[in-house]
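What follows is each chain in one-letter form.
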Amino acid sequence: MALKAKMLRSDLARTQVQLSQREEAGESLHVIDFDQLKIENQQALRRIEDKNSELLKLKLTSGNALQVLTGLRTRLVELSEEAAWLSTETRSRRAMLEKLAAETGLVEKQLTQAQAERRQLRQPNAAGSVTGGSKQVMSYVETRAREQQLTKALADWERKVQLMEMQAARLGIR
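Residues numbered from 1 in each chain as written. Predicted model: local features only at pLDDT ≥ 70, side-chain atom pairs only at ≥ 80, totals over all residues. Heavy atoms only, no water.

S.K.: What exactly am I supposed to notice about the overall build of the protein here?
M.R.: Helix and strand counts for the protein come out as three helices and zero strands. If you list the helices and strands of the protein from N to C, you get α-α-α. Counting the 174 residues in the protein, one finds 10% classified as buried. Sequence-distant contacts in the protein: of pairs separated by 6 or more residues, those separated by 24 or more amount to 79%. Entry remark: accessible area of the protein is about 14,400 Å², with carbon and sulfur atoms responsible for 57%. (Helix = DSSP H or I, 4+ residues; strand = E, 2+ residues; numbered from the N terminus. Buried < 20%, exposed > 50% of the residue type's maximum accessible area, 1.4 Å probe, protein only. Contact = heavy atoms within 4.5 Å. Areas by Shrake-Rupley, 256 points an atom, 1.4 Å probe, with all protein chains shown as cover.)

S.K.: Help me out: how do you make sense of a nonpolar patch on the surface in this one?
M.R.: There is a patch of nonpolar side chains on the surface, built from Val137, Tyr140 and Val141 and spanning about 300 Å² of accessible area. The residue Val137 is located in helix H3 (residues 134-171) in this model. The exposure class of Val137 is partly exposed, given its relative accessible area of 49%. (Patch = residues over 30% accessible without salt bridge, like charges linked within 9 Å, V, L, I, M, F, W, Y side chains within 5 Å. Salt bridge = Lys/Arg side-chain N within 4 Å of Asp/Glu carboxyl O.)

The quantities given are spatial measurements derived from coordinates; they are silent on function.
Pasting the structure below:
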């Protein structure tokens, strides 16, 4: 566009140079020729103005497109960073979930074992009689001590399960 405007200006200058050369050479221009040159000059100036306004519009459009592109690039960078963070967060939460699932399985297994031992200890011993002597008394005392230990361990494990369930609920798991 600027090149065309430049070309039109050079055409105008060349025409003016030719006119001045003709005047110097003594060729007289008729009024009609002079009027014709004026009209051509005005038309050339109008075309130059039209091309300049079109160039200005294109520059504005280009500037607006560049602003939109810059905004979109910025948004893309922000979204990429957020996606990376979410990916990392997802991996860490999955790892936590797997760890909690493994610990929960272990606790449930130990709880089942403790409950089975507790049931065995609570069942009356058919072979044990009061007349069996001190061995039976010692066995009874040991059994009661073991029962108390297992009852305490059971309470501890139940509390651990509750804590893990609260942790899982806090993390939004399940």
